[in-house]
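Inside the fold
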Amino acid sequence: MKRALFPLLFIATLACSTATTYDPHRMDAISERYVKLVLALGEHDTDYVDAYYGPPEWREAVKANKQSLDEIRAGAVSTIAELRAIPVPSDEMLALRRRYLLRQTEALLARVDMLRGIKLTFDQESKALYDAVAPHHEESYFLDLTQQLGRELPGDGTLIDRLEAYRKGFVIPTDKLDAVFKAAIDGCRARTLQHIQLPAGETFTVEYVTKKSWSGYNWFKGNYTSLIQVNTDLPIFIDRAIDLACHEGYPGHHVYNTLLEKNLVRDRGWKELTVYPLFSPQSLIAEGSANYGIDVAFPAEERVAFEKANLFPIAGIDASEADRYYRIQDLVGKLSYAGNEAARRYLDGEINAQQAGEWLTKYALMSPPRAAQRVKFIDQYRSYVINYNLGKDLVKAYVERHDREKRWQVFEQLLSTPRLPADLK
Ligand SMILES: [Zn+2]
(Lines give C-alpha, C1' and ligand atoms only; values in the text may rest on other atoms or scores of the structure.)
Protein backbone atom coordinates (compact mmCIF):
# COMPACT_ATOMS: atom_id res chain seq x y z
CA MET A 1 0.00 0.00 0.00
CA LYS A 2 2.70 2.41 1.03
CA ARG A 3 4.68 1.95 -2.16
CA ALA A 4 1.73 2.35 -4.46
CA LEU A 5 1.23 5.85 -3.10
CA PHE A 6 4.69 7.08 -4.00
CA PRO A 7 4.15 8.00 -7.65
CA LEU A 8 1.08 10.04 -6.74
CA LEU A 9 2.83 11.86 -3.92
CA PHE A 10 5.81 12.44 -6.11
CA ILE A 11 3.73 14.06 -8.85
CA ALA A 12 1.93 16.19 -6.27
CA THR A 13 5.20 17.44 -4.76
CA LEU A 14 6.73 18.18 -8.14
CA ALA A 15 3.66 20.21 -9.00
CA CYS A 16 4.01 22.24 -5.78
CA SER A 17 7.70 22.78 -6.36
CA THR A 18 7.09 25.04 -9.29
CA ALA A 19 5.88 27.67 -6.80
CA THR A 20 8.54 30.31 -6.29
CA THR A 21 7.53 31.27 -2.78
CA TYR A 22 8.92 29.50 0.23
CA ASP A 23 6.27 27.51 2.08
CA PRO A 24 7.20 27.07 5.76
CA HIS A 25 4.44 24.48 6.31
CA ARG A 26 5.83 22.35 3.54
CA MET A 27 9.34 22.58 5.05
CA ASP A 28 7.94 21.59 8.44
CA ALA A 29 6.30 18.55 6.83
CA ILE A 30 9.61 17.59 5.19
CA SER A 31 11.34 18.18 8.52
CA GLU A 32 8.99 15.73 10.25
CA ARG A 33 9.60 13.15 7.53
CA TYR A 34 13.37 13.60 7.89
CA VAL A 35 13.22 13.16 11.68
CA LYS A 36 11.15 9.99 11.28
CA LEU A 37 13.57 8.61 8.66
CA VAL A 38 16.48 9.18 11.06
CA LEU A 39 14.58 7.51 13.90
CA ALA A 40 13.58 4.64 11.60
CA LEU A 41 17.20 4.06 10.60
CA GLY A 42 18.10 4.15 14.30
CA GLU A 43 15.98 1.01 14.68
CA HIS A 44 18.47 -0.79 12.39
CA ASP A 45 21.68 0.89 13.56
CA THR A 46 22.05 1.38 17.33
CA ASP A 47 24.84 4.01 17.01
CA TYR A 48 22.96 6.14 14.49
CA VAL A 49 20.70 8.32 16.67
CA ASP A 50 23.01 10.25 18.93
CA ALA A 51 20.28 12.43 20.44
CA TYR A 52 16.53 12.87 20.12
CA TYR A 53 14.39 15.25 22.12
CA GLY A 54 11.56 15.90 19.67
CA PRO A 55 7.91 14.83 20.04
CA PRO A 56 7.82 11.44 21.84
CA GLU A 57 4.87 10.38 19.66
CA TRP A 58 7.08 10.55 16.55
CA ARG A 59 9.42 7.99 18.06
CA GLU A 60 6.49 5.87 19.24
CA ALA A 61 5.04 5.94 15.72
CA VAL A 62 8.37 4.82 14.25
CA LYS A 63 8.70 2.00 16.76
CA ALA A 64 5.11 0.86 16.24
CA ASN A 65 5.52 0.67 12.46
CA LYS A 66 9.06 -0.54 11.87
CA GLN A 67 10.25 0.23 8.35
CA SER A 68 12.60 -1.98 6.33
CA LEU A 69 15.83 -0.53 4.95
CA ASP A 70 14.22 -0.57 1.49
CA GLU A 71 11.29 1.49 2.75
CA ILE A 72 13.61 3.96 4.50
CA ARG A 73 15.63 4.20 1.30
CA ALA A 74 12.53 4.98 -0.76
CA GLY A 75 11.48 7.63 1.77
CA ALA A 76 14.93 9.24 1.61
CA VAL A 77 14.99 9.24 -2.21
CA SER A 78 11.60 10.98 -2.44
CA THR A 79 12.55 13.50 0.30
CA ILE A 80 15.76 14.36 -1.55
CA ALA A 81 13.87 14.82 -4.84
CA GLU A 82 11.35 17.08 -3.14
CA LEU A 83 14.03 19.21 -1.47
CA ARG A 84 16.02 19.56 -4.69
CA ALA A 85 12.91 20.83 -6.46
CA ILE A 86 12.36 23.60 -3.91
CA PRO A 87 13.87 26.89 -5.14
CA VAL A 88 16.69 28.20 -2.93
CA PRO A 89 15.11 30.85 -0.66
CA SER A 90 16.71 34.28 -0.73
CA ASP A 91 16.74 34.44 3.10
CA GLU A 92 20.09 33.01 4.24
CA MET A 93 18.71 31.03 7.20
CA LEU A 94 15.94 29.48 5.11
CA ALA A 95 18.46 28.57 2.42
CA LEU A 96 20.64 26.95 5.09
CA ARG A 97 17.62 25.03 6.35
CA ARG A 98 16.83 23.64 2.93
CA ARG A 99 20.40 22.62 2.29
CA TYR A 100 20.85 21.15 5.76
CA LEU A 101 17.82 18.89 5.26
CA LEU A 102 18.99 17.95 1.78
CA ARG A 103 22.58 17.13 2.69
CA GLN A 104 21.66 15.32 5.91
CA THR A 105 19.11 13.18 4.02
CA GLU A 106 21.68 12.38 1.32
CA ALA A 107 24.05 11.16 4.04
CA LEU A 108 21.21 9.09 5.54
CA LEU A 109 20.74 7.46 2.14
CA ALA A 110 24.46 6.61 2.02
CA ARG A 111 24.28 5.04 5.48
CA VAL A 112 21.23 3.00 4.44
CA ASP A 113 23.15 1.73 1.43
CA MET A 114 26.13 0.81 3.62
CA LEU A 115 23.79 -1.22 5.87
CA ARG A 116 22.33 -2.85 2.76
CA GLY A 117 25.83 -4.09 1.97
CA ILE A 118 27.19 -1.54 -0.49
CA LYS A 119 30.96 -1.24 -0.05
CA LEU A 120 32.61 2.17 -0.17
CA THR A 121 36.28 3.01 0.18
CA PHE A 122 37.27 5.02 3.25
CA ASP A 123 37.40 8.26 1.26
CA GLN A 124 34.11 7.57 -0.57
CA GLU A 125 32.47 6.87 2.78
CA SER A 126 33.75 10.03 4.49
CA LYS A 127 32.66 12.09 1.49
CA ALA A 128 29.18 10.53 1.48
CA LEU A 129 28.63 10.75 5.23
CA TYR A 130 30.62 13.85 6.28
CA ASP A 131 31.08 15.77 3.06
CA ALA A 132 34.85 15.74 3.48
CA VAL A 133 37.94 13.72 2.51
CA ALA A 134 41.00 13.73 4.77
CA PRO A 135 44.38 14.46 3.16
CA HIS A 136 46.70 11.52 2.53
CA HIS A 137 50.13 11.48 4.16
CA GLU A 138 53.09 9.21 3.50
CA GLU A 139 54.95 7.56 6.35
CA SER A 140 57.85 10.00 5.86
CA TYR A 141 55.58 12.88 6.95
CA PHE A 142 55.02 11.26 10.32
CA LEU A 143 58.64 10.12 10.66
CA ASP A 144 59.82 13.75 10.39
CA LEU A 145 57.44 14.74 13.18
CA THR A 146 58.49 11.84 15.40
CA GLN A 147 62.13 12.87 14.96
CA GLN A 148 61.32 16.35 16.28
CA LEU A 149 59.65 14.70 19.21
CA GLY A 150 62.74 12.58 19.82
CA ARG A 151 64.78 15.75 20.34
CA GLU A 152 62.38 16.99 23.07
CA LEU A 153 62.02 13.73 24.99
CA PRO A 154 64.46 12.73 27.73
CA GLY A 155 65.80 9.18 28.18
CA ASP A 156 66.88 6.28 25.95
CA GLY A 157 65.06 3.52 24.14
CA THR A 158 62.29 3.56 21.58
CA LEU A 159 60.29 6.74 21.16
CA ILE A 160 57.07 5.23 22.48
CA ASP A 161 58.86 3.88 25.58
CA ARG A 162 60.45 7.28 26.25
CA LEU A 163 57.13 9.07 25.74
CA GLU A 164 55.28 6.64 28.02
CA ALA A 165 57.97 6.94 30.71
CA TYR A 166 57.87 10.74 30.51
CA ARG A 167 54.08 10.96 30.56
CA LYS A 168 53.75 8.68 33.62
CA GLY A 169 54.31 11.70 35.81
CA PHE A 170 51.26 13.46 34.35
CA VAL A 171 48.53 10.90 35.06
CA ILE A 172 45.68 12.31 37.15
CA PRO A 173 45.32 10.04 40.23
CA THR A 174 41.92 8.31 40.15
CA ASP A 175 40.81 9.83 43.47
CA LYS A 176 41.57 13.35 42.14
CA LEU A 177 39.93 12.91 38.77
CA ASP A 178 36.53 14.35 39.61
CA ALA A 179 37.97 17.40 41.42
CA VAL A 180 40.37 18.15 38.55
CA PHE A 181 37.65 17.68 35.97
CA LYS A 182 35.25 19.97 37.89
CA ALA A 183 37.90 22.71 38.07
CA ALA A 184 38.51 22.34 34.34
CA ILE A 185 34.78 22.62 33.62
CA ASP A 186 34.56 25.76 35.78
CA GLY A 187 37.41 27.31 33.79
CA CYS A 188 35.92 26.40 30.41
CA ARG A 189 32.46 27.58 31.41
CA ALA A 190 33.66 30.94 32.80
CA ARG A 191 35.61 31.67 29.63
CA THR A 192 32.73 30.68 27.38
CA LEU A 193 30.21 32.81 29.31
CA GLN A 194 32.39 35.89 28.84
CA HIS A 195 31.58 35.68 25.12
CA ILE A 196 28.44 33.58 24.62
CA GLN A 197 25.13 34.05 26.40
CA LEU A 198 23.61 30.69 27.26
CA PRO A 199 19.94 30.13 28.16
CA ALA A 200 19.04 29.91 31.85
CA GLY A 201 18.97 26.39 33.23
CA GLU A 202 21.62 24.92 30.91
CA THR A 203 23.55 22.26 32.79
CA PHE A 204 25.09 18.82 32.53
CA THR A 205 25.96 15.88 34.73
CA VAL A 206 29.20 13.92 34.58
CA GLU A 207 29.51 10.15 34.92
CA TYR A 208 32.60 7.94 34.93
CA VAL A 209 32.23 4.76 32.89
CA THR A 210 34.33 1.83 31.61
CA LYS A 211 34.49 -0.60 28.66
CA LYS A 212 33.91 1.94 25.87
CA SER A 213 35.78 2.52 22.60
CA TRP A 214 35.74 6.32 23.15
CA SER A 215 37.35 8.45 25.86
CA GLY A 216 34.41 10.82 26.44
CA TYR A 217 30.85 11.24 25.17
CA ASN A 218 28.20 13.96 25.35
CA TRP A 219 24.63 12.69 25.32
CA PHE A 220 22.37 15.70 24.79
CA LYS A 221 18.96 15.27 26.42
CA GLY A 222 17.11 18.45 25.39
CA ASN A 223 16.00 21.19 27.78
CA TYR A 224 19.58 22.49 27.54
CA THR A 225 20.92 19.48 29.47
CA SER A 226 23.60 16.90 28.69
CA LEU A 227 24.99 13.77 30.25
CA ILE A 228 28.76 13.69 29.85
CA GLN A 229 30.47 10.33 30.25
CA VAL A 230 34.20 9.99 30.81
CA ASN A 231 35.80 6.61 30.14
CA THR A 232 38.32 5.58 32.81
CA ASP A 233 39.53 2.33 31.18
CA LEU A 234 42.96 3.88 30.56
CA PRO A 235 44.99 6.39 32.62
CA ILE A 236 43.83 9.99 32.09
CA PHE A 237 46.64 12.50 31.60
CA ILE A 238 46.42 16.04 32.92
CA ASP A 239 45.89 17.60 29.45
CA ARG A 240 42.70 15.58 28.99
CA ALA A 241 40.90 17.56 31.72
CA ILE A 242 40.71 20.79 29.71
CA ASP A 243 40.36 18.85 26.44
CA LEU A 244 37.34 16.92 27.68
CA ALA A 245 35.76 19.79 29.61
CA CYS A 246 35.92 22.07 26.55
CA HIS A 247 35.17 19.41 23.94
CA GLU A 248 32.21 17.76 25.66
CA GLY A 249 31.07 20.82 27.60
CA TYR A 250 32.02 24.48 27.10
CA PRO A 251 32.20 25.70 24.34
CA GLY A 252 31.96 22.24 22.68
CA HIS A 253 29.11 19.75 22.31
CA HIS A 254 26.98 20.92 25.23
CA VAL A 255 27.06 24.52 24.02
CA TYR A 256 26.52 23.54 20.36
CA ASN A 257 23.45 21.45 21.19
CA THR A 258 22.14 24.07 23.61
CA LEU A 259 22.46 26.88 21.06
CA LEU A 260 20.81 24.80 18.32
CA GLU A 261 17.93 24.03 20.69
CA LYS A 262 17.55 27.68 21.72
CA ASN A 263 17.94 29.37 18.34
CA LEU A 264 16.54 26.84 15.90
CA VAL A 265 14.24 24.42 17.74
CA ARG A 266 12.61 26.81 20.23
CA ASP A 267 12.83 30.20 18.51
CA ARG A 268 12.10 28.96 14.97
CA GLY A 269 10.32 25.64 15.57
CA TRP A 270 12.74 23.68 13.33
CA LYS A 271 12.22 20.18 14.69
CA GLU A 272 14.82 18.59 12.39
CA LEU A 273 17.40 19.77 14.91
CA THR A 274 15.81 17.70 17.71
CA VAL A 275 17.43 14.63 16.20
CA TYR A 276 21.13 14.19 15.68
CA PRO A 277 22.18 11.40 13.30
CA LEU A 278 25.75 10.55 14.20
CA PHE A 279 26.86 9.46 10.72
CA SER A 280 26.07 12.76 9.00
CA PRO A 281 27.80 16.00 7.89
CA GLN A 282 26.63 17.65 11.11
CA SER A 283 29.21 15.52 12.94
CA LEU A 284 32.09 17.24 11.18
CA ILE A 285 30.82 20.56 12.50
CA ALA A 286 30.14 19.07 15.94
CA GLU A 287 33.53 17.41 16.41
CA GLY A 288 35.47 20.11 14.59
CA SER A 289 33.96 22.91 16.66
CA ALA A 290 34.33 20.93 19.88
CA ASN A 291 38.05 20.39 19.21
CA TYR A 292 38.70 23.90 17.95
CA GLY A 293 36.68 25.19 20.92
CA ILE A 294 39.54 24.10 23.19
CA ASP A 295 41.83 26.63 21.48
CA VAL A 296 39.11 29.29 21.41
CA ALA A 297 38.57 29.06 25.18
CA PHE A 298 42.24 28.52 26.00
CA PRO A 299 44.79 29.98 23.60
CA ALA A 300 48.03 28.00 24.18
CA GLU A 301 49.90 30.25 26.60
CA GLU A 302 46.77 30.98 28.68
CA ARG A 303 46.03 27.30 28.90
CA VAL A 304 49.37 26.35 30.42
CA ALA A 305 49.17 29.25 32.91
CA PHE A 306 45.62 28.24 33.92
CA GLU A 307 46.57 24.61 34.37
CA LYS A 308 49.70 25.39 36.38
CA ALA A 309 47.69 27.57 38.76
CA ASN A 310 44.48 25.56 38.94
CA LEU A 311 44.75 21.95 37.80
CA PHE A 312 48.28 20.70 38.51
CA PRO A 313 47.96 21.54 42.25
CA ILE A 314 44.62 19.69 42.61
CA ALA A 315 46.06 16.68 40.77
CA GLY A 316 49.23 16.84 42.91
CA ILE A 317 51.41 16.99 39.77
CA ASP A 318 54.64 19.03 39.71
CA ALA A 319 53.91 22.10 37.54
CA SER A 320 57.57 22.91 36.85
CA GLU A 321 57.57 20.50 33.86
CA ALA A 322 54.31 21.86 32.43
CA ASP A 323 55.88 23.92 29.61
CA ARG A 324 57.90 21.04 28.19
CA TYR A 325 54.94 18.69 28.66
CA TYR A 326 52.80 20.92 26.45
CA ARG A 327 55.54 21.34 23.82
CA ILE A 328 55.61 17.55 23.60
CA GLN A 329 51.82 17.34 23.54
CA ASP A 330 51.74 19.78 20.61
CA LEU A 331 54.06 17.56 18.61
CA VAL A 332 52.04 14.45 19.50
CA GLY A 333 48.89 16.33 18.43
CA LYS A 334 50.38 16.92 14.97
CA LEU A 335 50.58 13.15 14.55
CA SER A 336 46.79 12.84 14.75
CA TYR A 337 46.50 12.42 10.97
CA ALA A 338 48.40 9.14 11.40
CA GLY A 339 45.14 7.93 12.97
CA ASN A 340 43.27 8.68 9.75
CA GLU A 341 45.90 6.79 7.73
CA ALA A 342 45.61 3.76 10.02
CA ALA A 343 41.81 3.83 9.69
CA ARG A 344 41.93 4.29 5.91
CA ARG A 345 44.38 1.44 5.32
CA TYR A 346 42.58 -0.83 7.80
CA LEU A 347 39.06 -0.21 6.46
CA ASP A 348 40.26 -0.42 2.86
CA GLY A 349 41.63 -3.88 3.67
CA GLU A 350 45.30 -3.05 3.15
CA ILE A 351 46.25 -3.91 6.76
CA ASN A 352 44.62 -6.00 9.50
CA ALA A 353 43.57 -4.93 13.01
CA GLN A 354 46.91 -5.86 14.55
CA GLN A 355 48.84 -3.91 11.90
CA ALA A 356 46.53 -0.92 12.39
CA GLY A 357 47.39 -1.02 16.11
CA GLU A 358 51.10 -1.20 15.31
CA TRP A 359 50.77 1.74 12.88
CA LEU A 360 49.04 3.79 15.59
CA THR A 361 51.82 3.02 18.05
CA LYS A 362 54.60 3.76 15.56
CA TYR A 363 53.24 6.90 13.89
CA ALA A 364 50.57 8.31 16.23
CA LEU A 365 52.63 7.30 19.29
CA MET A 366 49.73 5.66 21.09
CA SER A 367 50.61 3.10 23.76
CA PRO A 368 49.56 -0.44 22.70
CA PRO A 369 46.45 -0.45 24.99
CA ARG A 370 45.39 2.97 23.66
CA ALA A 371 46.02 1.85 20.07
CA ALA A 372 43.86 -1.25 20.73
CA GLN A 373 41.08 1.00 22.07
CA ARG A 374 41.35 3.16 18.93
CA VAL A 375 41.09 0.15 16.61
CA LYS A 376 37.86 -0.74 18.43
CA PHE A 377 36.68 2.84 17.84
CA ILE A 378 37.50 2.49 14.12
CA ASP A 379 35.58 -0.81 14.00
CA GLN A 380 32.54 0.88 15.53
CA TYR A 381 32.61 4.36 13.96
CA ARG A 382 34.75 3.83 10.83
CA SER A 383 35.57 7.02 8.83
CA TYR A 384 34.03 9.15 11.62
CA VAL A 385 37.64 9.58 12.82
CA ILE A 386 38.25 12.35 10.26
CA ASN A 387 35.70 14.62 11.96
CA TYR A 388 38.06 15.29 14.86
CA ASN A 389 41.23 16.49 13.17
CA LEU A 390 40.06 17.49 9.68
CA GLY A 391 36.91 18.97 11.25
CA LYS A 392 39.03 21.00 13.64
CA ASP A 393 41.29 22.25 10.86
CA LEU A 394 38.32 23.26 8.68
CA VAL A 395 36.52 25.05 11.54
CA LYS A 396 39.77 26.77 12.56
CA ALA A 397 40.43 28.01 9.02
CA TYR A 398 36.83 29.24 8.76
CA VAL A 399 36.86 31.13 12.07
CA GLU A 400 40.39 32.49 11.65
CA ARG A 401 39.56 34.10 8.33
CA HIS A 402 38.01 36.76 10.58
CA ASP A 403 39.77 39.31 12.78
CA ARG A 404 40.82 38.04 16.19
CA GLU A 405 38.26 40.17 18.06
CA LYS A 406 35.40 38.73 15.98
CA ARG A 407 36.32 35.06 16.44
CA TRP A 408 34.06 34.23 19.37
CA GLN A 409 31.19 35.85 17.49
CA VAL A 410 31.86 33.83 14.32
CA PHE A 411 32.26 30.70 16.42
CA GLU A 412 28.94 31.32 18.20
CA GLN A 413 27.20 31.91 14.88
CA LEU A 414 28.55 28.60 13.57
CA LEU A 415 27.12 26.86 16.66
CA SER A 416 23.74 28.56 16.29
CA THR A 417 22.97 27.84 12.63
CA PRO A 418 22.47 24.68 10.55
CA ARG A 419 25.80 25.12 8.78
CA LEU A 420 27.51 22.09 7.24
CA PRO A 421 31.06 21.38 5.99
CA ALA A 422 30.39 23.00 2.60
CA ASP A 423 29.74 26.31 4.40
CA LEU A 424 33.25 26.29 5.86
CA LYS A 425 34.95 26.52 2.47
ZN1 LIG B 1 33.02 14.79 20.38
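Further up the page is the structure itself.
First, a word on what this report is: a plain description of the structure on this page. (Residues numbered from 1 in each chain as written. Predicted model: local features only at pLDDT ≥ 70, side-chain atom pairs only at ≥ 80, totals over all residues. Heavy atoms only, no water.)

One pass over the structure, following the stated rule, counts 34 salt bridges. The shortest N-O distance in the salt bridge between D423 and R99 comes to 1.9 Å. With D423 in the segment after α19 (407-415) and R99 in helix α5 (residues 92-115), the pair connects residues that are 324 residues apart, well separated along the chain. Judged by its relative accessible area of 17%, D423 is buried. Taking the relative accessible area as the measure of exposure, R99 reaches 36% and is therefore partly exposed. (Salt bridge = Lys/Arg side-chain N within 4 Å of Asp/Glu carboxyl O. Helix = DSSP H or I, 4+ residues; strand = E, 2+ residues; numbered from the N terminus. Buried < 20%, exposed > 50% of the residue type's maximum accessible area, 1.4 Å probe, protein only.)

This brings us to the coordination of the zinc ion. Taken together, the protein donors to the zinc ion comprise H247 (NE2), H253 (NE2) and E287 (OE), at separations of 2.0 to 2.1 Å. Each donor residue of the zinc ion lies on one chain, and together they are spaced H-x5-H-x33-E. Taken together, the residues H253 in helix α11 (residues 253-266) and E287 in helix α12 (residues 282-297) connect sequence positions 34 residues apart. Take H253: its relative accessible area is 8%, and that puts it in the buried class. (Donors = N, O, S within 2.8 Å, 3.2 Å for Na, K, Ca; no water.)

Turning to the pairing of strand β3 (residues 216-222), a few remarks are in order. Most of β3 sits out of view: five of its seven residues are buried. Where β3 meets strand β4 (residues 225-231), six bridges bridge the pair, whose relative direction is antiparallel. Its bridge partner being in β4, F220 is matched across the sheet by S226. Count of turn residues in the β3/β4 antiparallel hairpin: two residues, of which N223 carries a positive phi of about 55°. (Pairing = 2+ DSSP bridges.)

The next thing to look at is the packing of aromatic side chains. Considering all chains together, one arrives at 22 aromatic pairs under this definition. Measuring from ring centre to ring centre gives 4.4 Å for W359 and Y363, while their planes differ by 55°; the resulting arrangement is tilted. Residue W359 and its partner Y363 are both found in helix α16 (residues 353-363); the two are separated by four residues, about one turn of the helix. As far as the burial class goes, W359 and Y363 line up, both buried. Aromatic ring contacts, followed pair by pair, group Y48, Y130, F279, F377, Y381, Y384 and Y388 into a single cluster. The lysine or arginine in question, R111, covers the ring of F279, its NZ or CZ lying 4.0 Å from the ring centre. (Phe/Tyr/Trp six-rings, centres within 6.5 Å; stacked < 30°, edge-to-face > 60°. Lys NZ or Arg CZ within 6 Å of the ring centre and 35° of its normal.)

With that settled, the discussion passes to the side chain of R111. Examined against the element boundaries, R111 turns out to sit in helix α5. For R111, the residues in contact, after removing those within four places along its chain, are L41, D45, Y48, L129 and F279. (Contact = heavy atoms within 4.5 Å.)

Relative placement of two packed helices is described by the angle separating their axes and the distance separating the axes. Between helix α9 (residues 177-193) and helix α13 (residues 300-315), whose axes approach to 9 Å, the crossing angle comes to 150°. Here α9 lies roughly antiparallel to α13, going by the angle between them. The interaxial crossing formed by α9 with α13 has right-handed handedness. Contacts from A179, V180, A183, A184, G187 and R191 in α9 reach E302, F306, L311, I314 and A315 in α13. A per-class count over the contact of α9 with α13 returns eight nonpolar, one polar and two charged. (Axes fitted to C-alpha atoms, helices over the stretch in contact; angles between N-to-C directions. Parallel < 35°, antiparallel > 145°, perpendicular 65-115°, else oblique. Left-handed = near helix turned anticlockwise from the far one by under 90°. Nonpolar A, V, L, I, M, F, W, Y, C, P; charged D, E, K, R; others polar.)

Keep in mind these numbers describe shape, not what the thing actually does.
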